[in-house]
Amino acid sequence: MDLSCTPEEEEFRARLREWLAKVLPTLPAKPPPDDWPGRRAYDRGWQRMLYDAGYADVHWDSSPTMRLIFLEETEKAGAPYVGANFVGLLHAGPTIAAEGTTEQKDHWLPPILRGDEVWCQGFSEPDAGSDLAALRTRARRDGDDYVVSGSKIWTSHAEVADWCELLVRTDPEAPRHKGITWLAMPMDAEGVTVRPLRTLAGSTEFAEVFLDEVRVPVGNRVGAENDGWRVTMVTLSFERGTAFVGEVVACRRVLGELARTARENGRWDDPVLRRRLGRLNAEFRALWRLTQWNVSEAEAGGGVPGVGGSVFKLSYSHARQELYDTAAEVLGPDCLDLDRPWVLDRLSSLSYTIAAGTSQIQRNIVAERILGLPKGR
């Protein structure tokens, strides 16, 4: 498999680097981590700059390789992360681009690209755990609307979102995976209540969402009624396949910083620590090659990442946790100081083996869909 870039792709990389070098020094200071209205405004402003410069549509209207180059170069340059825009740009937007009607694409994609509207993800539920197909939020058809009741949890950026990519059960009598529907729900609809959740790291990027007879137009359904599980697999393929690309680049940068810090504070003399850093370096180099492979596969498959994203997500989640455990070793007693670099990252890394599908779920996907092993009984 040829993982090299074409001349056109290298020209795109050079042009992007030049633009980033020019605009990044002009950006205002980032708002405090827990000022979500401020962060929403900041992230929307950055997205508008990308839109005006012609880079906004890279997440779904460019080839997977162009998307990879964009994520790699923006992370290397220290550009703002997508932040509050991440569900719209990396999950809902690509799903609508792949599965939506022409009218739906025209309605939802331009505001996402311009940074006008923020999306959240309403998948997980309090009683479903890691079993997404066990969701119980109901939607009954009433004329031209679905009437939705239930609750969601760990809803990313719900408190500042305009729209929610929402999974509902439209046929409670159908087999678990057959009665689910994917809806786009306006967050200002009557009956929507949002309660922010504070994480171990002290942030509130997640929330509980309670739905009490919320009316959602049937025209907001993406895909057919009761075909939401298939549409959801498209969403999750983006979430597991390409959404973490920039984070791999960031982890490789952190690894280099850890090595430099270890040399400065004397912990480099520990041969066990040096071997661990070397092994992590090999791990993240391999993950980057796996990312390139997944992108090449998506290129050949019409732009949608395949199940190889589960292999990546499983390996990356554990590698990230080990990276920040190693950071604690390098910091020593300073690893308890929340104002030191990497300490809050270590706390947030604990969630990565749960978020976007637990490691147990990823192992099942790899076993059943890649290795062809029988389902467990």
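The structure displayed is predicted, hence computed values, not measured ones.

### Section: the overall build of the protein chain
When helices and strands are counted, the protein chain shows 11 helices and eight strands. Buried positions account for 51% of the 377 residues belonging to the protein chain. The contacts of the protein chain with a sequence gap of at least 6 include a subset with a gap of at least 24, amounting to 73%. Roughly 17,600 Å² of accessible area belongs to the protein chain as shown, and the carbon and sulfur atoms make up 51% of that amount.

### A short note on the pattern of salt bridges
Inspection of every chain in the model, using the stated rule, returns 23 salt bridges. When the shortest N-O distance is used, the salt bridge between R17 and E73 registers 2.7 Å. Placement of R17 in helix α1 (residues 7–23) and of E73 in helix α3 (residues 64–76) is noted, with a sequence separation of 56 residues between them. When its relative accessible area of 44% is taken as the criterion, R17 is described as partly exposed.

### Observations regarding the environment of V249
Mapped onto the fold, V249 is located in helix α7 (residues 245–265). For V249, a relative accessible area of 8% corresponds to the buried category.

### Notes on the packing of helix α4 (residues 86–99) against helix α5 (residues 102–114)
Helix packing geometry: the angle between the two helix axes and the distance between the axes. Packing of α4 against α5 leaves a shortest axis separation of 10 Å and a crossing angle of 160°. What the angle tells us is that α4 and α5 run roughly antiparallel. Where α4 crosses over α5, the handedness of that crossing is left-handed. On α5, the residues touching G88, L89, G93, I96 and A97 of α4 are Q104, K105, W108, L109 and I112.

### With respect to the packing of aromatic side chains
Here the structure, examined in full by the defined rule, presents seven aromatic pairs. An angle of 65° between the planes, with centres 5.9 Å apart, marks the rings of F12 and Y55 as edge-to-face. Taken together, the positions of F12 in helix α1 and Y55 in the loop between α2 (36–53) and α3 put the pair 43 residues apart, joining distant regions of the chain. What makes F12 buried here is its relative accessible area of 8%. A residue is classified by how much of its surface remains accessible, and Y55, at 4% relative accessible area, is buried.

### Some points on the side chain of D43
For D43, the location among the structural elements is in helix α2. Residue contacts for D43: discarding those within four places in its chain leaves Y81, V82, G83, A84 and N85.

### Quick notes on the side chain of N220
Along the polypeptide, N220 turns up in the loop between β7 (206–217) and β8 (221–222). By relative accessible area, N220 is classed as buried at 10%. Reaching out from N220, the side chain makes a polar contact with the backbone oxygen of A184 at a distance of 2.8 Å. With residues near it in sequence (within four places) discarded, N220 still touches Q104, W108, W163, W182, L183, A184 and P186.

### Quick look at the packing of α2 against α5
Two elements in contact, α2 and α5, have axes separated by 7 Å at closest approach and are oriented at 105°. As far as their axial angle goes, α5 and α2 are roughly perpendicular. Here R44, Q47, R48 and Y51 of α2 come into contact with α5, specifically with I112, L113 and R114. Tallied by class, the residues present in the contact of α2 with α5 amount to three nonpolar, one polar and three charged.

### Focus on the pairing of strand β3 (residues 145–152)
Among the eight residues of β3, six are classified as buried, and the element is accordingly described as predominantly covered. In this structure, strand β2 (residues 138–142) lies alongside β3, joined through five bridges in antiparallel fashion. Bridge assignment links R141 to a residue of β3, and that residue is Y146. Taking the residues that link successive antiparallel strands as the turn, the β2-β3 hairpin has two residues, and the phi of G143 there is positive, at about 65°. Direction of pairing for β3 relative to β7: antiparallel, over a ladder of seven bridges. Bridge assignment links V148 to a residue of β7, and that residue is V214.

About the cut-offs
Residues numbered from 1 in each chain as written. Predicted model: local features only at pLDDT ≥ 70, side-chain atom pairs only at ≥ 80, totals over all residues. Heavy atoms only, no water. Helix = DSSP H or I, 4+ residues; strand = E, 2+ residues; numbered from the N terminus. Buried < 20%, exposed > 50% of the residue type's maximum accessible area, 1.4 Å probe, protein only. Contact = heavy atoms within 4.5 Å. Areas by Shrake-Rupley, 256 points an atom, 1.4 Å probe, with all protein chains shown as cover. Salt bridge = Lys/Arg side-chain N within 4 Å of Asp/Glu carboxyl O. Axes fitted to C-alpha atoms, helices over the stretch in contact; angles between N-to-C directions. Parallel < 35°, antiparallel > 145°, perpendicular 65-115°, else oblique. Left-handed = near helix turned anticlockwise from the far one by under 90°. Phe/Tyr/Trp six-rings, centres within 6.5 Å; stacked < 30°, edge-to-face > 60°. Polar contact = N/O pair within 3.5 Å; in protein donor to acceptor, adjacent residues only side chain to side chain. Nonpolar A, V, L, I, M, F, W, Y, C, P; charged D, E, K, R; others polar. Pairing = 2+ DSSP bridges.

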